[in-house]
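Working through the structure, step by step
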Amino acid sequence: RGSTVTIEKRCATVQATSGLRFTPGTITLAAGGTVTFEFGAVDHDVFFDNDPAGAPANITTPTHNASVTRTFPTAGRFVFNCHIHPGMTGTIVVQ
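If you're wondering where the values come from, they're calculated on a predicted model, not measured in any experiment.

This part is about the confidence of the model for the chain. Across the chain, the average pLDDT comes to 92, with 93% of residues at 70 or higher. Here strand β3 (residues 26-29) stands out as the element of the chain with the lowest mean pLDDT, 94, in contrast to strand β5 (residues 44-46), whose mean of 98 is the highest. Note that residues 3-7 has pLDDT below 50 and, in this model, zero contacts with residues that lie over four places away or in other chains.

If you trace the three strands from one edge of the open sheet to the other, you get β3-β9-β8, paired in mixed fashion. Strands with a single pairing partner mark the edges of an open sheet, and in this sheet they are β3 and β8 (76-81). With direction set aside, neighbouring strand axes in the sheet form an average angle of 20 degrees. Inspection of the sheet shows β8 paired to strand β9 (residues 89-94) by six bridges, in the antiparallel sense. When the bridges of β9 are listed, F78 appears paired with I92.

Let's shift gears to the packing of aromatic side chains. A full pass over the atoms with the stated rule returns five aromatic pairs. Aromatic side chains F48 and F72 sit 5.8 Å apart centroid to centroid with 75 degrees between the ring planes, which places their arrangement in the edge-to-face category. With F48 in the loop between β5 and β6 (59-63) and F72 in strand β7 (residues 66-72), this pair connects stretches of sequence that are 24 residues apart. A residue is classified by how much of its surface remains accessible, and F48, at 4% relative accessible area, is buried. In this structure F72 comes out as buried when scored by relative accessible area, which is 0%. Taken together through their ring pairs, the aromatic side chains of F22, F37, F48, F72, F78 and F80 make up a single cluster.

Scoring rules and cut-offs
- Residues numbered from 1 in each chain as written.
- Predicted model: local features only at pLDDT ≥ 70, side-chain atom pairs only at ≥ 80, totals over all residues.
- Heavy atoms only, no water.
- pLDDT = per-residue confidence, 0-100.
- Helix = DSSP H or I, 4+ residues; strand = E, 2+ residues; numbered from the N terminus.
- Contact = heavy atoms within 4.5 Å.
- Pairing = 2+ DSSP bridges.
- Axes fitted to C-alpha atoms, helices over the stretch in contact; angles between N-to-C directions.
- Phe/Tyr/Trp six-rings, centres within 6.5 Å; stacked < 30°, edge-to-face > 60°.
- Buried < 20%, exposed > 50% of the residue type's maximum accessible area, 1.4 Å probe, protein only.

Here you go:
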């Protein structure tokens, strides 16, 4: 019999691109893990609309050429978007 090994992802990076996308669009993360949002040359922000329980603070200031890290302590599905660029969305699934 084989054994099963589960590797929990504790950190991930989302790039906010000049192509007006978050890449990757979906991330699965272990509770307590962190996501670093990397902003390129174009201003973006990050909002967890409807303030879901356990969501980290929004990144409200238009940001470029910088990185901002957020911690996700609570399991759940967190949809985020850029208010500057409607339709630019992503999802973080915390298990």
